[in-house]
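# Chain and residue survey
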Amino acid sequence: MAGAGDNEARVRLPQLRLDELLAELQARLDAARGTRDRVHSLLEAVLSVGRELDLEQALHSIVEAAATLVDAEFAALGVIGPDGRRLSAFHTVGVSDQQIARIGPFPEGHGILGELIRHPEPLRLAKLSQHPASYGFPRDHPPMSTFLGVPIRVREQVFGNLYLTEKRGGVEFDEEDEAVLSTLAVAAGVAIDNARLYENSRLRERWLRAIAEITHSLMSGSEHAQVLGLIAERAREITGAALAVVAIPMEGTGSLTVELAIGAQAEAHRGLVLPVEGSFMGTAFATGTPMTSPDASHDNRVTAGRRRFIGLGPAVAAPIGTGQGARGVVLLVRDAGQIPFTEKEIEPLQGFAAQAAVAMELAERRQDAEEIAVLKERDRIARDLHDLAIQRLFATGMTLQSAGRFIEHSEASARVARAVDDLDETIKIIRSTIFALRAREGGGGSGLRARAVQAVGEAAPVLGYAPSARMEGLLDTDVPREIADQVLAVLSEGLTNIARHAHADRADVVLVTDGREVRLTLTDNGVGIPAGGRRSGLRNLAERAEHLGGTLNWETPEGGGTRLTWQAPLPVPPPSP
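Residues numbered from 1 in each chain as written. Predicted model: local features only at pLDDT ≥ 70, side-chain atom pairs only at ≥ 80, totals over all residues. Heavy atoms only, no water.

### So, the pairing of strand β11 (residues 328–335)
Which entries qualify depends on this criterion: Partly exposed describes any residue whose relative accessible area lies between the buried limit of under 20% and the exposed limit of over 50%, with all areas from a 1.4 Å probe on protein chains only and scaled to the type maximum. Only DSSP runs of H or I covering at least 4 residues are called helices, and only runs of E covering at least 2 are called strands; the numbering of each starts at the N terminus. Should DSSP find at least two bridges between two strands, the strands are regarded as paired.
When you tally the buried positions in β11, you get 7 out of 8 residues, the bulk of the element. In this sheet, β11 lies alongside strand β6 (residues 243–250) in antiparallel orientation, the contact comprising 5 bridges. Residue pairing across strands places Val 246 opposite Val 330, the latter belonging to β11. Looking at chain direction, strand β10 (residues 312–320) and β11 are connected through 7 bridges and run antiparallel. What sits directly across from Ile 320, in β11, is Gly 328.

So, in structure tokens, the structure goes:
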């Protein structure tokens, strides 16, 4: 019996070992199948991510693929900002829009997220809260415990980080998860680089189309102001700016005048006169190089005056042209909270502005050539009138005058004499026409706009600060010389009064015309006009206004000081014949 039992035991032992081997083989087959399936999923994810050319869509696809590959409940991709210390963008999967709204602003890169920014190496944690860099979550944030993070590099530069939390099934992330996610991060870096290249090529194409449009507009004879508006509008659209301002130099004044402004707070910029020295746009114009500001609303290079960057932030000012040939400055300002302008954005903007200046130069040269052709034609007409018409008329007059002596009939003789006189008058008219044709445009003196800017600049040493100035309308063409002289006298006397009596540290000058009247407004933040004080200065200003049929008014603004408004009507031009 014992021998039979031993034999039976020997039979069962190989059977058990065979079962164990079969179970182990099955487990290895399952693992191999799982690995195969995971590799297949990884390859699919790499191909899916690589197909995206739109950068934002590529980033979202990377986050989705990462969450699927490691079976994570929450996933995010944080893009590191230009300063290399904070996150400038955040893409999430697993958190609804309602949850995001309750949580509040996206993280900037503190705590565990900042740990990966400071040390861009894979980080795997069984419990987030136990890491020294962890300091908890905001209110309404979903609970998270397990964590896996890997950096994404683009051309050896860290672009951002992938963050995965809460592996499904309550288990921890393992080495295989880390390896899979690191592999995806490499593919993501290639996809992001491709999307960036595609985005840059599209951006260059937009700049090229814009300069082609401006060149075509200039060469087709569009108005100068219309072309400047096109430059501002296209630059604003391509850079995503909220405000675009174009300022051009005023000859002989050392100042820039804002020719146009479009977008947010545009009204506060229109007609503004800025000093070249010391101002933000003036520095860009004088140096011929772009200037940037992280926040225009708090930049001390922005000249004094009423606030004109409310709700705005990052700014760039680029000269239109280079060096001494700069034709103006374009200022672009983004909404507050947006990222500052980067070197990659400024470089094509600078090229665009330089090309726009070249197009403007070519258009002006073409216009000069057309004007020269007109002047040459005028000279030819004047020469023909002098050499042919006048000589023939003079000869005809001499003939009639000689023939008149042989006419005995008194009435006929009188008619011939009148004809000779008419010929003399005709010769005078033609000679006057010849003189007008050959006349060249003179300097004509400076216009009201330039003279007013000069007066404001001359008052700065007396005041102890530079007043802000804003001018609108056709001041040089609509305001006659005699009225312009009165305006300048009022401006100088008004600024002198502020310096003597106001005790102010800010003064604003606004000079506008609508073609029907000219209006000068002087505002200061001083002590105001005392109730029983002397009014001789104001009386002089009032008399100047009354002499022209205008008025003088003053009031105390809400913030204190004095606001003086002087206006005079303009003569109505005669109707066209």
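### Some details on helix α7 (residues 280–287)
Filter applied, for reference: For the purposes of these results, a polar contact is taken to be a pair of N or O atoms within 3.5 Å, where, inside protein, one atom must be able to donate a hydrogen and its partner to accept one; residues adjacent in sequence count only when each atom of the pair is a side-chain atom.
Along α7, the positions that sit buried rather than exposed are Phe 280, Met 281, Gly 282, Ala 284 and Phe 285. N-cap assignment for α7: the residue whose side-chain oxygen lies 3.0 Å from the backbone N of Gly 282 is Ser 279. A positive backbone phi angle near 75 degrees is found at Gly 288, which sits one or two residues after α7.

### Overview of the pattern of salt bridges
For clarity, the cut-off: Each reported salt bridge corresponds to a side-chain nitrogen of Lys or Arg within 4 Å of a carboxyl oxygen of Asp or Glu.
In total, this model carries 18 salt bridges according to the counting rule given. A salt bridge links Glu 237 to Arg 234, with the nearest nitrogen and oxygen atoms 3.4 Å apart. Pair noted here: Glu 237 and Arg 234 are both in helix α6 (residues 224–239), with a separation of 3 residues, about one helical turn. Judged by its relative accessible area of 41%, Glu 237 is partly exposed. One connected set of salt bridges, linked through shared partners, spans Glu 213, Arg 234 and Glu 237.

### Focus: the sheet that holds β6
Applicable threshold: Axes here refer to lines fitted to C-alpha atoms; in helices the fit is confined to the stretch in contact. Angles between the N-to-C directions go from 0 to 180 degrees.
An order of β9-β10-β11-β6-β7-β8-β12-β13-β14-β16-β15 is seen for the 11 strands of this open sheet, with the pairing classed as mixed. Since the sheet does not close on itself, it has two edges, and those belong to β9 (291–293) and β15 (551–555), each with one partner. Sheet twist, expressed as the mean angle between neighbouring strand axes with direction ignored, is 20 degrees. In the sheet, β9 pairs with β10 via 3 bridges, with the strands oriented antiparallel. Each residue of the ladder has a partner; that of Thr 292, found in β10, is Val 316.

### A look at the environment of Thr 551
How we decide: Should any heavy atoms of two residues lie within 4.5 Å, those residues are counted as being in contact.
Turning to its location among the elements, Thr 551 is positioned in strand β15. Take Thr 551: its relative accessible area is 37%, and that puts it in the partly exposed class. Along the primary structure Thr 551 and Trp 566 are separated by 15 residues, whereas in three dimensions their C-alpha atoms are 6.0 Å apart. Discounting residues that sit within four places of it in the chain, Thr 551 has contacts with Ala 545, Thr 565, Trp 566 and Gln 567.

### Focus: the confidence of the model for the chain
The condition that has to hold: Known as pLDDT, the predictor's confidence for each residue is given on a scale from 0 to 100.
On average, residues of the chain score 78 in pLDDT, and 80% of them reach the 70 mark or higher. Note on residues 440–445: pLDDT is under 50 here. Beyond four places in sequence and across chains, it has 2 contacts.

### Remarks on the layout of surface pockets
Picture a little ball the size of a water molecule; that probe, rolled over the atoms, points out where space is still empty. What counts, and what does not: Grid points spaced at 1 Å over the protein atoms alone were grouped into cavities, where a 1.4 Å probe fits but cannot get out, and pockets, open sets with protein on both sides within 12 Å along at least five of seven lines, with lining residues defined by an atom within 4 Å of a point. Grid points are joined across faces, edges and corners, and a volume is the space filled by probe spheres set on the points. Under the scheme applied, nonpolar residues are Ala, Val, Leu, Ile, Met, Phe, Trp, Tyr, Cys and Pro; charged residues are Asp, Glu, Lys and Arg; polar residues are all the others, including Gly.
Volume-wise, the largest pocket comes out at about 1600 Å³. Residue lining of the largest pocket: 43 residues in total, with Leu 55, Arg 196, Glu 199, Thr 342 and Lys 344 positioned closest to the centre. Contributing elements (two or more residues each) for the lining of the largest pocket: α2 (55–69), β1 (72–80), β2 (87–93), β5 (157–167), α5 (175–219), α6 and α8 (343–404). It is α5 that contributes the most residues to the lining of the largest pocket, 12 residues altogether. Grouping the constituent residues of the lining of the largest pocket by class yields 20 nonpolar, 9 polar and 14 charged. The space that makes up the second largest pocket amounts to roughly 890 Å³. Forming the walls of the second largest pocket are 21 residues, and the residues nearest its centre are Ile 248, Pro 249, Met 250, Arg 449 and Asp 476. Listing elements by their share of the lining of the second largest pocket, those giving two or more residues are β6, β7 (255–263), α10 (448–463), β12 (468–472) and α11 (475–478). Across the lining of the second largest pocket, the residue classes break down as 8 nonpolar, 7 polar and 6 charged.

### Looking at the nonpolar core
Most often, soluble globular proteins have nonpolar side chains that are buried together. Heads up, the condition is: Definition used in this section: a nonpolar core is a set of buried Ala, Val, Leu, Ile, Met, Phe, Trp, Tyr and Cys residues joined via side-chain atoms within 4.5 Å.
Judged by nonpolar contacts, the single largest core of 40 residues is most densely connected at Leu 491, Leu 495, Leu 511 and Val 518. Those elements that place two or more of their residues in this core are α10, β12, α12 (481–502), β13 (507–513), β14 (517–524), α13 (536–547) and β16 (562–569). Here the element with the most residues in this core is α12; it accounts for 9 residues. Dropping the residues within four chain positions of it, Leu 491 is found in contact with Ala 452, Ala 455, Val 456, Val 509, Leu 520 and Leu 522. Counting residues in hydrophobic clusters, the runner-up holds 29 residues, among them Val 246, Leu 332, Phe 341 and Ala 356.

### Remarks on empty space enclosed by the protein
Considering all chains together, one arrives at 1 cavity of 30 Å³ or more under this definition. The volume enclosed by the largest cavity comes to roughly 90 Å³. For the largest cavity, the lining is made up of 12 residues, of which Leu 274, Phe 280, Met 281, Val 302 and Arg 308 are closest to its centre. Elements represented by at least two residues in the lining of the largest cavity include exactly β8 (272–275) and α7. A per-class count over the lining of the largest cavity returns 7 nonpolar, 3 polar and 2 charged.

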